[in-house]
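What follows is each chain in one-letter form.
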Amino acid sequence: MKIGILGGTGKEGSGLAYRWALKGHEVVIGSRDAARAAAGAAELNQLLAGKAEVRGAGNPEAAQATVVVLTVPYAAQVATADSVAQQLQGKILVDVTVPLAPPKVDRVQLPNGESAVVALQRRLGAAVKVVSAFQNVSATHLKDPAHEVDCDVLVCGDDADARETVVGLAQDAGLRAWHAGALANSIAAEALTSVLIAINKRYKVAGSGIRITGVPRG
Ligand SMILES: NC(=O)c1ccc[n+]([C@@H]2O[C@H](COP(=O)([O-])OP(=O)(O)OC[C@H]3O[C@@H](n4cnc5c(N)ncnc54)[C@H](OP(=O)(O)O)[C@@H]3O)[C@@H](O)[C@H]2O)c1
């Protein structure tokens, strides 16, 4: 699959890019600055050591992919999506955004008490299939493929086929993923991130996560 990652120069996006490239996907990491994207891609390609290759590009070019992933800080979520709104028409947009409100990122503070991903879906309109995922997976786990990530992925979205595609992509990244219902349910995943940050602080760990229990592994 051709995957474009907006803000793919950052911590979460580059980790996902690395894992998807290893799985054989065609990955373009996007940036506001094409030169920064190229440098980020070169760094990832060193880590990939010839097993796969990623490419860097400006965000608008990265958004030409089949599936587009948004991994930018909350403050940049709307502006970044708006800047590629045309390219997103008819596509799946995987939004990883957590609406953290610095400096108290270990406290749930959802803007207007609602999901940031739902707000983005409303803004972009129904022609963009927004799916929410990966909010609870710490970037610290992603760049070592030998390391089993001890965190499940909640995938929320209103389009069942789009959700299925993203569950598959999470599995391709080596993660256990769940259909977690409608996009409205994303509010729970977004809020959980602050809970995990509080746990990280209290127990002095880099990346606590979540596990769904009571469902047989299949
Ligand atoms: N880090 C984690 O462990 C983690 C885990 C789960 C979810 N998340 C969520 O995933 C998203 C990305 O997190 P991250 O840690 O990868 O973030 P990050 O490294 O701080 O930033 C990601 C990229 O966003 C772009 N960016 C930064 N500020 C911007 C602005 N004002 N306008 C437009 N683009 C901007 C930058 O790319 P360019 O400068 O190259 O354009 C940057 O490399 C956040 O919403 C975060 O809450 C993160």
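Everything discussed here concerns the structure shown above.
Chemist: What is the right way to read the overall build of the chain from this model?
Modeler: Counting its regular elements, the chain contains 8 helices and 8 strands. Relative to a compact globule of 218 residues, whose C-alpha radius of gyration would be 17 Å, the chain shows 16 Å and is just as compact. Seen through its C-alpha atoms, the chain measures out along the principal axes to roughly 40 × 40 × 40 Å. The buried share among the 218 residues of the chain stands at 46%. Taking as baseline every contact in the chain between residues at least 6 positions apart, the subset at least 24 positions apart corresponds to 72%.

Chemist: Whenever I open this one, the packing of helix H1 (residues 11–22) against helix H2 (residues 34–48) confuses me. Can you help?
Modeler: Relative orientation and spacing of two packed helices are given, respectively, by the angle between their axes and the distance between those axes. Across the interface, H1 lies against H2 with an axial gap of 11 Å and an inter-helix angle of 50 degrees. By the angle class used here, H1 and H2 are oblique. Handedness of the crossing formed by H1 with H2: right-handed. Facing Ser14, Ala17, Tyr18, Ala21 and Leu22 of H1, the residues of H2 in contact are Gly40, Leu44, Leu47 and Leu48. Of the residues belonging to the contact of H1 with H2, the class tally is 7 nonpolar, 2 polar and no charged.

Chemist: Help me understand the site of the ligand, please; the structure alone is not making it clear to me.
Modeler: Among the 26 residues in the neighbourhood of the ligand, the closest are listed as Gly7, Gly10, Ser31, Ala76 and Val98. At the level of elements, H1 and helix H4 (74–83) are the ones that each hand at least two residues to the shell around the ligand. With 4 residues, H4 is the largest single contributor of residues to the shell around the ligand. Tallied by class, the residues present in the shell around the ligand amount to 11 nonpolar, 10 polar and 5 charged.

Chemist: Looking at this structure, I do not really get the packing of H4 against helix H6 (residues 116–124). What am I missing?
Modeler: Two elements in contact, H4 and H6, have axes separated by 11 Å at closest approach and are oriented at 15 degrees. In terms of their interaxial angle, H4 and H6 are classed as roughly parallel. For the crossing formed where H4 meets H6, the hand is right-handed. Of the residues in H6, those touching H4 at Tyr74, Gln77, Val78 and Ala81 are Ala116, Leu120, Arg123 and Leu124. Residue composition of the contact of H4 with H6, grouped by class: 6 nonpolar, 1 polar and 1 charged.

Chemist: It is not clear to me how H2 should be interpreted in this structure. Could you clarify?
Modeler: Given 3.6 residues per turn, any residue in an α-helix points the same way as the ones three and four places further on. The end-to-end C-alpha separation of H2 is 20 Å, in line with the 21 Å expected for 15 residues at 1.5 Å each. Along H2, the residues that are buried comprise Ala37, Gly40, Ala41 and Leu44. End-on, the buried residues of H2 take up no more than an arc of 100 degrees, which puts them together on one face. Every exposed residue of H2 that faces more than 90 degrees away from the buried side is listed here: Ala35, Ala42 and Gln46.

Chemist: What exactly am I supposed to notice about the pairing of strand E3 (residues 55–58) here?
Modeler: The side chains of a regular strand alternate between both faces of the sheet. Taken together, the 4 bridges between strand E2 (residues 26–31) and E3 define a ladder with parallel strand orientation. Within E3, the position partnered with Ile29 by the bridge is Gly56.

Chemist: Even after reading the chapter, I still don't get the sheet that holds strand E6 (residues 129–132), so can you show me in this structure?
Modeler: Pairing between the strands of a sheet is mediated by backbone hydrogen bonds and can be parallel or antiparallel. Taken in spatial order, the 8 strands of this open sheet run E3-E2-E1-E4-E5-E6-E7-E8, and their pairing is mixed. In this open sheet, the two edge strands, each paired with only one partner strand, are E3 and strand E8 (176–179). Strand-to-strand twist in this sheet, taken as the mean axis angle between neighbours without regard to direction, amounts to 25 degrees. Note that strand E4 (residues 67–70) and strand E5 (residues 92–95) share 4 bridges and pair parallel. The partner of Val67 across the bridge, within E5, is Ile92. Along the sheet face, H6 touches E5 and E6 and points at about 175 degrees away from the line of E6.

Chemist: What is the right way to look at the nonpolar core in this model?
Modeler: Within soluble globular proteins, side chains that are nonpolar tend to cluster in buried spots. Grouped together as the largest cluster of nonpolar side chains are 58 residues, with contacts concentrated most on Ala17, Val69, Val94, Val155, Val166 and Ala170. Sequence-distant contacts of Ala170, that is, excluding residues within four places in its chain, are made with Ala133, Val153, Val155, Leu175 and Ala177.

Chemist: Before we go on, may I ask you to explain the environment of Lys11 in this structure?
Modeler: Structurally, Lys11 is set in helix H1. Between the C-alpha atom of Lys11 and that of Val72, which follows or precedes it by 61 residues, the distance is 9.4 Å.

Analysis parameters
- Residues numbered from 1 in each chain as written.
- Predicted model: local features only at pLDDT ≥ 70, side-chain atom pairs only at ≥ 80, totals over all residues.
- Helix = DSSP H or I, 4+ residues; strand = E, 2+ residues; numbered from the N terminus.
- Rg over C-alpha atoms; globule rule 2.2 N^0.38 Å.
- Buried ≥ 20, exposed ≤ 12 C-beta atoms within 10 Å, placed from the backbone.
- Contact = placed C-beta atoms within 7 Å.
- Axes fitted to C-alpha atoms, helices over the stretch in contact; angles between N-to-C directions.
- Parallel < 35°, antiparallel > 145°, perpendicular 65-115°, else oblique.
- Left-handed = near helix turned anticlockwise from the far one by under 90°.
- Nonpolar A, V, L, I, M, F, W, Y, C, P; charged D, E, K, R; others polar.
- Near = placed C-beta within 6 Å.
- Expected span 1.5 Å × (residues − 1).
- Arc of directions from axis to C-beta.
- Pairing = 2+ DSSP bridges.
- Core = buried A, V, L, I, M, F, W, Y, C linked by C-beta atoms within 7 Å.

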